[in-house]
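Chain and residue survey
Next come the chains, spelled out residue by residue.
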Amino acid sequence: MKSGTKPGLNRDYRLPASEGEMIFGTGDVTGNLTAVNSGWRTFRPVIDGGKCVRCLLCWVYCPDGVIGKEEKDLTVDYDYCKGCGICAHECPRAAISMVREVS
Amino acid sequence: MAIDYKNLSDRELIYGQKSCPGCGATIAVRLALKILGERTFVCLPACCVSATTNVYPETSFFVNNVVTAFPATGSTLAGMAAAAEMQGLEDVVILGVAGDGGTADIGLQALSGLCERNDNVIYLCYDNEAYMNTGIQRSSSTPWGAWTTTSPVGGTAKGETKIRKNLFDIIAAHRVPYCATASTSYPRDFMEKIAKAKNIRGARFIHIQAPCPTGWGYPAEKTIEYGRLAVESGLWYLAEYENGEVKLNLHPPKFKPVEFYLKGQHRFRHLTEEDYKVIEDQRDQEWALLEKKIKS
Ligand SMILES: Cc1ncc(C[n+]2csc(CCOP(=O)(O)OP(=O)(O)O)c2C)c(N)n1
Ligand code: SF4
Ligand code: SF4
Ligand code: SF4
Ligand SMILES: [Mg+2]
């Protein structure tokens, strides 16, 4: 599940039909996500809430900021997790396993 | 300011960017923005961060940002700071984010001018130790012995032949109000430095080592591990310059052998035991210089 604090895909985005509709720099828009990154992943991190002690090391080290800490258990935004494995590698409790994605 | 991860915002101000899995540079920017907040105006030159956050029509910064010419970060920042002042914007942070090539090489002159004028900005240089965005060319921050496409290995060539510039010393020599080094593997230390910089006026410079799985050649999950090994083996140090004084934030009681750091990285895999010795000697000389500067 994904935490509500994280940005998401802009599903309303349509490619510009004319020059006038084109985005020109950040004066027009910031934070416009038009594609997910989930397809980059071979393995997905799965957090075992029972083993997690909430040290938040995974949360702080995750380059993509996809781990959420607002819920009782940590959440992962699988739309934008790239499966780098840093979270699992750094977890001091071995609470995160990297599970192969099935296609 | 003591940083407690629990109390930091769960919101992200950089998200969905197309950087490689495990990218250290992305960690640096993400954590800096956590402390600086939404009223940050970012300026970036050509580099991995600008290239991966602005893939039209996608924009992965959730704060205002501008991409400037490769050598122009310092001068663009100066203009932004002047504009903010003219408009009476008191609550904004002007943040430069640039790579090592954009900082130690092509952007050095503009950065020097910025420091000399003491313009009111924070300049964050993330150091992945080469020109990565264009396919791994050496910079003046590439360490001795490292393979890059322009410091090749083969025949008599053994990778980079020159000793890297010390940016921390270069900027401190401008007598700026704040200058520090950091590492993405020491996020608390880094965020404390960003928080400190936020509350200082004038030119503030933070140089953060940001390991790069693609350019250094190691598995993506080891970004934090390698950054930690660099510090533990004395090949990177965590220091601050403030009020004319240099302070060390962490002194490894005994350095780990450099081979733990060097061995698993593709860019160093041609190095021999003798080369490790050369690197240890260089390290010891660097630390001798550093220790002379530290107030005892
Ligand atoms: C004047 C100029 N020369 C060359 C380039 C091509 N260029 C773009 S980014 C880059 C390398 C940037 O290296 P660095 O600053 O270390 O950032 P990194 O890519 O490693 O993040 C180069 C050579 C350019 N954009 N402008
Ligand atoms: S690193 Fe491990 S123990 Fe710490 S918060 Fe993450 S999952 Fe929990
Ligand atoms: S695998 Fe990488 S991107 Fe995904 S949650 Fe872990 S650290 Fe973040
Ligand atoms: S090349 Fe290195 S610095 Fe650039 S996006 Fe990839 S991991 Fe990050
Ligand atoms: Mg670089």
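Described below are features of the structure shown in this document. (Residues numbered from 1 in each chain as written. Chains lettered and ligands numbered in written order. Predicted model: local features only at pLDDT ≥ 70, side-chain atom pairs only at ≥ 80, totals over all residues. Heavy atoms only, no water.)

Observations regarding the interface of chain A and chain B
- Taken together, the 43 residues of chain A in the interface contact 42 residues of chain B.
- Together chain A and chain B conceal approximately 3,400 Å² of surface at their shared face, both sides included; 56% is due to carbon and sulfur atoms.
- On the surface where chain A and chain B come into contact, there are three salt bridges.
- Along the contact surface separating chain A from chain B lie 27 residue pairs in polar contact (both at pLDDT 80 or more).
- Breaking the side of chain A that touches chain B down by element, the ones donating at least two residues are α2 (57–61), β2 (67–68) and α3 (86–90) of chain A.
- Counting residues per element, the side of chain A that touches chain B draws most heavily on α2(A), which supplies four residues.
- Each residue belonging to the side of chain A that touches chain B can be placed in one class, and the counts come to 24 nonpolar, 12 polar and seven charged. (Contact = heavy atoms within 4.5 Å. Buried area = accessible area lost by both parts, 1.4 Å probe. Salt bridge = Lys/Arg side-chain N within 4 Å of Asp/Glu carboxyl O. Polar contact = N/O pair within 3.5 Å; in protein donor to acceptor, adjacent residues only side chain to side chain. Helix = DSSP H or I, 4+ residues; strand = E, 2+ residues; numbered from the N terminus. Nonpolar A, V, L, I, M, F, W, Y, C, P; charged D, E, K, R; others polar.)

A short note on the nonpolar core
- Among the nonpolar cores identified, the biggest contains 62 residues, and A:I67, B:L33, B:V49, B:F61, B:V97, B:F190 and B:I206 are the most heavily contacted of them.
- Setting aside its immediate chain neighbours within four residues, B:I206 contacts B:Y123, B:L124, B:C125, B:Y178, B:A180, B:A182, B:F190, B:K193, B:I194 and B:A197.
- Within the second largest apolar cluster, 30 residues are counted, among which are B:C125, B:C179, B:Y241 and B:L248. (Core = buried A, V, L, I, M, F, W, Y, C linked by side-chain atoms within 4.5 Å. Buried < 20%, exposed > 50% of the residue type's maximum accessible area, 1.4 Å probe, protein only.)

A word on the site of ligand 2
- If you check the shell around ligand 2, you find A:I47, A:C52, A:V53, A:R54, A:C55, A:L56, A:C58, A:L74, A:C91, A:P92 and A:I96 and nothing else.
- Grouping the constituent residues of the shell around ligand 2 by class yields 10 nonpolar, no polar and one charged. (Near = heavy atom within 4 Å.)

Looking at helix α11 (residues 273–293) of chain B
Residues and elements named next belong to chain B.
- With 21 residues, α11 should reach 30 Å at 1.5 Å per residue; the first-to-last C-alpha distance of 31 Å fits that figure.
- Along α11, the residues classified as buried are D275, Y276, I279, Q282, R283, W287 and L290. Projected down its long axis, α11 shows its buried positions confined to an angular sector of 135°, all on one face. Turned more than 90 degrees away from the buried face of α11 sit E273, E274, Q285 and K292, all of them exposed.
- Those residues of α11 that are buried are in contact with β8 (157–158), β12 (245–248) and α10 (258–262). (Expected span 1.5 Å × (residues − 1). Arc of directions from axis to C-beta.)

Observations concerning the packing of helix α1 (residues 24–36) of chain B against helix α7 (residues 187–198) of chain B
Residue and element names in this part refer to chain B.
- It is at 9 Å that the axes of α1 and α7 come closest, and there the two elements cross at 45°. For the element pair α1 / α7, the angle class is oblique. Where α1 crosses over α7, the two elements pack in a sense that is right-handed. Residues A28, L31, A32, I35 and L36 of α1 lie in contact with α7, whose contacting residues are P187, F190, M191, I194, A195 and K198. (Axes fitted to C-alpha atoms, helices over the stretch in contact; angles between N-to-C directions. Parallel < 35°, antiparallel > 145°, perpendicular 65-115°, else oblique. Left-handed = near helix turned anticlockwise from the far one by under 90°.)

A few points about the coordination of the magnesium ion (ligand 5)
Residue and element names in this part refer to chain B.
- Around the magnesium ion (ligand 5), the protein contributes the donor atoms D100 (OD), N128 (OD1) and A130 (O), at 2.0 to 2.1 Å from the metal centre.
- On the primary sequence, the residues serving as donors to the magnesium ion (ligand 5) are separated as D-x27-N-x1-A. Here N128 matches A130 in class, with each residue buried. (Donors = N, O, S within 2.8 Å, 3.2 Å for Na, K, Ca; no water.)

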